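Each chain, written out:
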Amino acid sequence: NAGVTQTPKFRVLKTGQSMTLLCAQDMNHEYMYWYRQDPGMGLRLIHYSVGEGTTAKGEVPDGYNVSRLKKQNFLLGLESAAPSQTSVYFCASRGTADHEQYFGPGTRLTVT
Amino acid sequence: GNSVTQMEGPVTLSEEAFLTINCTYTATGYPSLFWYVQYPGEGLQLLLKATKADDKGSNKGFEATYRKETTSFHLEKGSVQVSDSAVYFCARSSGSARQLTFGSGTQLTVLP
């Protein structure tokens, strides 16, 4: 099992550019989450999904969109990147019976 | 709302010293509580968890007890090692999707 994987690992964008971050899990988990990690602030929830075809807003959803077309994948999109979106992005998944979430290795995004 | 307050770092200890990292949470509902660890350049790994009051989570010599009366979940280890150097995050779950709310993280450095 690869667990939770994220693509890409690093990316530099210019302000106004768009991109999509891919999260994939091979554990057949229902729940998937996107967080951002900023210095001194811990992780904050951007969006989450409770199953294929569903998405919901988290604490800091503005400027991001998500899609869950397949159960194993959860995509995070930035339509028009801003310097404030410079961060490390983590994806996580959780099985229905689990309490804990399993995290991917992260994507470091820099917006100049 | 839901929040987690975590002891600020950084914390620097000598090898074999006793470690305590304080964590308190808001008492909304009946959350599960977690400690996650992040080693340099990596994602978050679950260190331990407790799902109800008075539960004690333990792993790799670390322990934390779910204290409902003081809304606390302090992390302890009797004798730290250099390899324990990492950032430690306290977190609580909430909502129907068991979303996580994180503390700000505590950087621990253990010196030989």
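A brief report on the enclosed structure follows. Because the structure is predicted, anything quoted here is derived from the model rather than measured.

This next bit is on the nonpolar core. Trp-35, Leu-47, Leu-48, Phe-73, Leu-75 and Tyr-88 of chain B are the most contacted members of the largest nonpolar core, which totals 25 residues. Listing elements by their share of this core, those giving two or more residues are strand 2 (11-14), strand 3 (19-21), strand 4 (23-25), strand 5 (33-38), strand 6 (44-50), strand 8 (62-65), strand 10 (86-94) and strand 12 (106-111) of chain B.

The volume enclosed by the largest pocket comes to roughly 660 Å³. Lining the largest pocket are 28 residues, and of these Gln-37 and Arg-108 of chain A together with Gln-38, Val-87 and Phe-89 of chain B lie nearest its centre. Of all the secondary structure elements, the ones that give two or more residues to the lining of the largest pocket are strand 9 (87-94) and strand 11 (107-111) of chain A together with strand 10 and strand 12 of chain B. With 3 residues, the single largest contributor to the lining of the largest pocket is strand 10 of chain B. When grouped by side-chain class, the residues that make up the lining of the largest pocket number 11 nonpolar, 12 polar and 5 charged.

Moving on, we get to the interface of chain A and chain B. Taken together, the contact pairs 22 residues of chain A with 19 residues of chain B. Between chain A and chain B we count 1 salt bridge in total. With a closest N to O distance of 2.7 Å, Lys-49 of chain B and Glu-100 of chain A form a salt bridge. Elements with a contribution of two residues or more to the side of chain A that touches chain B: strand 4 (31-37), strand 5 (43-49) and strand 9 of chain A. It is strand 4 of chain A that provides the largest number of residues to the side of chain A that touches chain B, a total of 4 residues. Here the residues of the side of chain A that touches chain B sort into 12 nonpolar, 7 polar and 3 charged.

So, how was this worked out
Residues numbered from 1 in each chain as written. Chains lettered and ligands numbered in written order. Predicted model: local features only at pLDDT ≥ 70, side-chain atom pairs only at ≥ 80, totals over all residues. Heavy atoms only, no water. Core = buried A, V, L, I, M, F, W, Y, C linked by side-chain atoms within 4.5 Å. Buried < 20%, exposed > 50% of the residue type's maximum accessible area, 1.4 Å probe, protein only. Helix = DSSP H or I, 4+ residues; strand = E, 2+ residues; numbered from the N terminus. 1 Å grid on protein atoms, 1.4 Å probe; cavity = no way out; pocket = protein on both sides within 12 Å on 5 of 7 lines; lining within 4 Å. Points joined across faces, edges and corners; volume = space filled by probe spheres on them. Nonpolar A, V, L, I, M, F, W, Y, C, P; charged D, E, K, R; others polar. Contact = heavy atoms within 4.5 Å. Salt bridge = Lys/Arg side-chain N within 4 Å of Asp/Glu carboxyl O.

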